[in-house]
Amino acid sequence: SASGIGLPSPQRSSFAMATSEVACLVLVIAFLAVADACTSIAVDRAATVDGSMLVTQTDDCMECDSRIVHIPARDHAPGSLRPILPYAASFPREVSGRSSQYSESDGRPATQPLGYIPQVPHTFAYWETTNPIMNEHGVGFGETTTEARLSAFQPNTTNLFYTHEAMKVALERCRTARCALRTMGELVDRYGFYGDSPGSGESVSVIDSIEAWVFQVSVGAKGKSAAWAAQRVPDGHVAVVANGFTIRHIDVQDEDNFMVGANLFSSALEEGLWDGKEPFDFGKMMQPDTLLVVPRYTSMRMWRIYSRLAPSLDLQPHVDPLMMPFSVKVEVPVSHRTLMDMHRDHYEGTEFDLRNGALAGPFRDPNRLEGGRGQQIVRGEFPRAISIPRTSYAVVVQSRPRELAEKMGSAAVAWYASDAPATSVFVPFYANSAWGHGEPNDYGRGSMFKFDRKCAWWAFDFVANWMELDYENMSQVVLPAMVKAQDGLDNAMARVERQAAAMVARGHKQEALQFLSEWQTKAQQDVVDKWWQLADYLVARFNDGFDNQCIDAGGPPRNVDRGQPSCRVGVPIGYPAWWLEQVGYDFDIRPHYVKPAGLTPPASFAAVQAAQAPAGAPWANLLSSPVWLNNFWSGTGVRGQAALANPTGQATLPVGTWDSSHALALLAALLVTPAALATAFQMGVRHGQRERLPDFYYIQQ
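A quick note: this is a predicted structure, and the numbers were derived from the prediction, not measured.

As for the pairing of strand β19 (residues 427-430)
Next up, step 1: Side chains Val427 and Phe429 project from β19 onto one buried face, and the interleaved Pro428 and Tyr430 project onto a second face that is buried too.
Next up, step 2: Bridge analysis of strand β18 (residues 412-418) against β19 gives four bridges, and the strand direction is antiparallel. Bridge assignment links valine 413 to a residue of β19, and that residue is tyrosine 430.

Topic: the state of the cysteines
In protein structure, a disulfide is the covalent linkage between the sulfur atoms of two cysteines.
Next up, step 1: Scanning the entire structure with this criterion turns up three disulfides.
Next up, step 2: Through a disulfide, cysteine 61 is tied to cysteine 64; the S-S separation comes to 2.0 Å. On the sign convention where negative means left-handed, the S-S torsion of about 90 degrees between cysteine 61 and cysteine 64 marks this disulfide as right-handed. The pair formed by cysteine 61 and cysteine 64 is uniform in burial state, with each residue classed as buried.
Next up, step 3: Here cysteine 550 pairs with cysteine 567 through a disulfide, and the sulfurs are 2.0 Å apart. The chirality of the disulfide connecting cysteine 550 with cysteine 567 is right-handed, given an S-S dihedral of about 105 degrees. Here cysteine 567 lies in the loop between β21 (546-547) and β22 (571-572) and cysteine 550 lies in the loop between β21 and β22, a separation of 17 residues in the sequence.
Next up, step 4: For cysteine 567, a relative accessible area of 9% translates into the label buried.
Next up, step 5: For the protein, the disulfide bridges join cysteines in the arrangement 1-2, 3-4, 5-6, where the cysteines are counted in sequence order.
Next up, step 6: In this structure cysteine 38 is not part of a disulfide, and its nearest cysteine sulfur, from cysteine 64, lies 7.6 Å away.

Notes on the pattern of salt bridges
Next up, step 1: Tallied over the entire structure, the rule returns 30 salt bridges.
Next up, step 2: Here lysine 222 and glutamate 270 are joined by a salt bridge, their closest N and O atoms 3.7 Å apart. Of this pair, lysine 222 sits in the loop between β12 (212-218) and β13 (227-232) while glutamate 270 sits in helix α4 (residues 264-270), and the two are 48 residues apart along the sequence.
Next up, step 3: Glutamate 270 sits in the partly exposed class, given a relative accessible area of 47%.
Next up, step 4: Measuring nitrogen to oxygen at the nearest pair gives 3.0 Å for the salt bridge that ties arginine 308 to aspartate 345.

Section: the packing of helix α11 (residues 471-505) against helix α12 (residues 509-541)
Next up, step 1: α12 packs onto α11 with a crossing angle of 170 degrees between their chain directions and a minimal axis gap of 10 Å. As far as their axial angle goes, α12 and α11 are roughly antiparallel. Here α11 runs over α12; the crossing is right-handed.

Considering the packing of aromatic side chains
Next up, step 1: If you walk through the whole model with that rule in mind, you get 25 aromatic pairs.
Next up, step 2: For the ring pair tryptophan 127 and phenylalanine 429, a centre distance of 5.0 Å and an interplane angle of 65 degrees mean the geometry is edge-to-face. Of this pair, tryptophan 127 sits in strand β8 (residues 126-128) while phenylalanine 429 sits in strand β19, and the two are 302 residues apart along the sequence.
Next up, step 3: Residue classification places phenylalanine 429 among the buried positions, given a relative accessible area of 0%.
Next up, step 4: Of the aromatic side chains, those joined through ring pairs into one cluster are Trp127, Tyr393, Tyr416, Phe429, Trp435 and Tyr443.

Some remarks on the sheet that holds strand β14 (residues 237-241)
Hydrogen bonding along the main chain pairs the strands of a sheet, whether they run parallel or antiparallel.
Next up, step 1: Read across the open sheet, the seven strands follow the order β16-β14-β1-β2-β17-β18-β19; overall the sheet is antiparallel. Unpaired on one side and paired on the other, β16 (328-329) and β19 mark the two borders of the sheet.
Next up, step 2: In the sheet, strand β2 (residues 53-60) pairs with strand β17 (residues 391-399) via eight bridges, with the strands oriented antiparallel. Counterpart to threonine 58 in the pairing with β17 is alanine 394.

Some remarks on the environment of glycine 115
Next up, step 1: Relative to the helices and strands, glycine 115 resides in strand β6 (residues 115-118).
Next up, step 2: Separated by 76 residues in sequence, glycine 115 and tyrosine 191 place their C-alpha atoms 9.6 Å apart.
Next up, step 3: Filtering out sequence-adjacent residues up to four positions away, glycine 115 remains in contact with Arg82, Pro83, Ile84 and Leu160.

What to know about the environment of glutamate 370
Next up, step 1: Turning to its location among the elements, glutamate 370 is positioned in the loop between α7 (336-342) and α8 (373-377).
Next up, step 2: On a C-alpha basis, the gap between glutamate 370 and arginine 384 in space is 10.0 Å, while along the polypeptide they are 14 residues apart.
Next up, step 3: Discounting chain neighbours no more than four positions away, the residues touching glutamate 370 are Gln375, Ile388 and Arg390.
Next up, step 4: A polar contact of 2.5 Å, which involves the side chain of glutamate 370, links it to the side chain of arginine 390.

Regarding the pairing of strand β9 (residues 132-135)
Where a strand is regular, its side chains alternate between the two sheet faces.
Next up, step 1: The sheet contact formed by β8 and β9 spans three bridges and is antiparallel. Across the sheet, the residue bridging to tyrosine 126 is asparagine 135, located in β9.
Next up, step 2: With antiparallel pairing between neighbouring strands as the criterion, β8 and β9 make up a hairpin whose turn holds three residues.

Observations concerning the packing of helix α10 (residues 456-466) against α12
Next up, step 1: At a minimum axis distance of 9 Å, the contact between α10 and α12 shows a crossing angle of 30 degrees. By the angle class used here, α10 and α12 are roughly parallel. Along this stretch, α10 crosses α12, giving a crossing that reads as left-handed. For the pair formed by α10 and α12, the contact residues are Ala456, Trp458, Ala459, Phe460, Phe462, Val463 and Trp466 on the first element and Val527, Val528, Trp531, Trp532, Leu534, Ala535, Leu538 and Val539 on the second.
Next up, step 2: Broken down by class, the residue content of the contact of α10 with α12 amounts to 15 nonpolar, no polar and no charged.

Remarks on the sheet that holds strand β20 (residues 542-543)
Next up, step 1: A sheet is described by the order of its strands in space; here three strands give the open sequence β20-β21-β22, paired in antiparallel fashion. Bordering the open sheet on either side are β20 and β22, each of which pairs with just one other strand.
Next up, step 2: Across two bridges, the pairing between β21 and β22 is antiparallel. Bridging across to β22, aspartate 547 finds its partner in valine 571.

Reading the values: rules and limits
Residues numbered from 1 in each chain as written. Predicted model: local features only at pLDDT ≥ 70, side-chain atom pairs only at ≥ 80, totals over all residues. Heavy atoms only, no water. Buried < 20%, exposed > 50% of the residue type's maximum accessible area, 1.4 Å probe, protein only. Helix = DSSP H or I, 4+ residues; strand = E, 2+ residues; numbered from the N terminus. Pairing = 2+ DSSP bridges. Disulfide = S-S within 2.5 Å. Salt bridge = Lys/Arg side-chain N within 4 Å of Asp/Glu carboxyl O. Axes fitted to C-alpha atoms, helices over the stretch in contact; angles between N-to-C directions. Parallel < 35°, antiparallel > 145°, perpendicular 65-115°, else oblique. Left-handed = near helix turned anticlockwise from the far one by under 90°. Phe/Tyr/Trp six-rings, centres within 6.5 Å; stacked < 30°, edge-to-face > 60°. Contact = heavy atoms within 4.5 Å. Polar contact = N/O pair within 3.5 Å; in protein donor to acceptor, adjacent residues only side chain to side chain. Nonpolar A, V, L, I, M, F, W, Y, C, P; charged D, E, K, R; others polar.

Here is the structure:
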């Protein structure tokens, strides 16, 4: 039951406390194994170059149905009921009549509702994918799953709403962010909230043209109703949520900046999460201690974005995400392009640069394989990048100033990137637009269960996967192509929007919206077609370990008979010198085995670090200089200090004791969940222990 998940109250025994800690740990392991671990950024209009509000999301989901679907506006008869559908991520996520695109069933029956609520006379149009994105009035969302101490999930609950359905109802009924917040809050309070997996809550960032908010929710006491809070993003600030609750202390008297659910405080009291005396701390009390499993999973992403947008704050990459602020003031105004590049990040230019070290391989691949048997046996942690291979899509919603919206007839634009954003192009979808000529293009078709050249996701996924063969060399081709496509869309949009504004000025708003719909549908398809051409080019140019440079010369080499070929077909790529140094390459032809050792790369790696980035690389235009952290240790907050105080290289925080109460708790938990606890302790979990920040090892012979 939910009451067995909460933090122990001060009156509970040490045995109960330890047992509860272990139970929380088990739920966190389960959450990280199955949940969609996303990143969301919300930026206030005072921090943007054009006064737009911005909100983003990556859907980091290995099986999600990434089709983008248009839901039309509708009128409803008096007494109508609105069905509430269960959450589903994989294709087909829904079989229903809400959109013609949901008629594709893959042989499955119609999705059965969990229940019904009263319908309103008119519902607004919106775009959605696994989660809803934006409605015709420019209300936009970014979502990320969190951990929660109180838990309910289907089919083990009668609660009716996961956030995806609450968000849809809000987009159907609301013109403002505040309306969306109140609608979602009232729905989960009345009908109950459930998470997408055991031990999960949700965070939803919400914008309209004038405000940005963060809404965070878990189930309420005894698995019923909900416990939620919302906080406004301050003027000129950016707020980042990365799989953790970030709202802390709530001023219930300040209705301009906070909202709270009807059952938040009573649920925390009833479940022993709060004693009713100390200041209420939503983030600390409503979620478990994720530091026990993957300490930096959340905090590193928050640090990276904040450090790029507010470099003068000199924020440290703390282990504990609760040491990161709810928001920071942006120092240089940002655009939609800035946030696109944020979502393409792999910590380039920092000590945590995922292109570096032995795990990046000889071709500096920033992607890491997750899970598997090896990580259950060998404890450790990779930096969790913002763009990762299992990202299903990323979206940047740009809700524009009202005067601009009125001028051109569309309140907002959602920029949508299929697959991992690091090597994808964000294409525009206008608010209150639709598919041109009523038919979806390749962004609205296909699934990951069948390779399909008529599916946008497969185009970008194929290129991303082919790059794994030689990431560094192929990035010299792919990244410039990505930037060229992005620039082309921006330039074309400027022309198209001038034409749409002229139509609106003549009183032809519907004509302008149809014009925008037809243009965007064609522009989106052009990007997909070009990406398939890029995929074919990469296959032909980079194969069998060679670089076929004749591809760019237009075909077979000329003047071969004269010994002066016009181009080279098979230029050997080979292994770089720094990699050969690491793996012990020499004249002994037997297999070599190497051991992890120090943090100093081979001398020949200096040339690699000094090399110029590919044209338009997302990390090339940092708002701050590249960040290099010298001997930063968790828990100190001061660079370099720990290195002097602790020259042996051990963790600076004291290791907690493992007393009899913890031993008894472990024994009790093993009787219930041996597999989960085995996994946890194989990962090196110890009560109170903290380890050094992740570094990149270079192999020594």
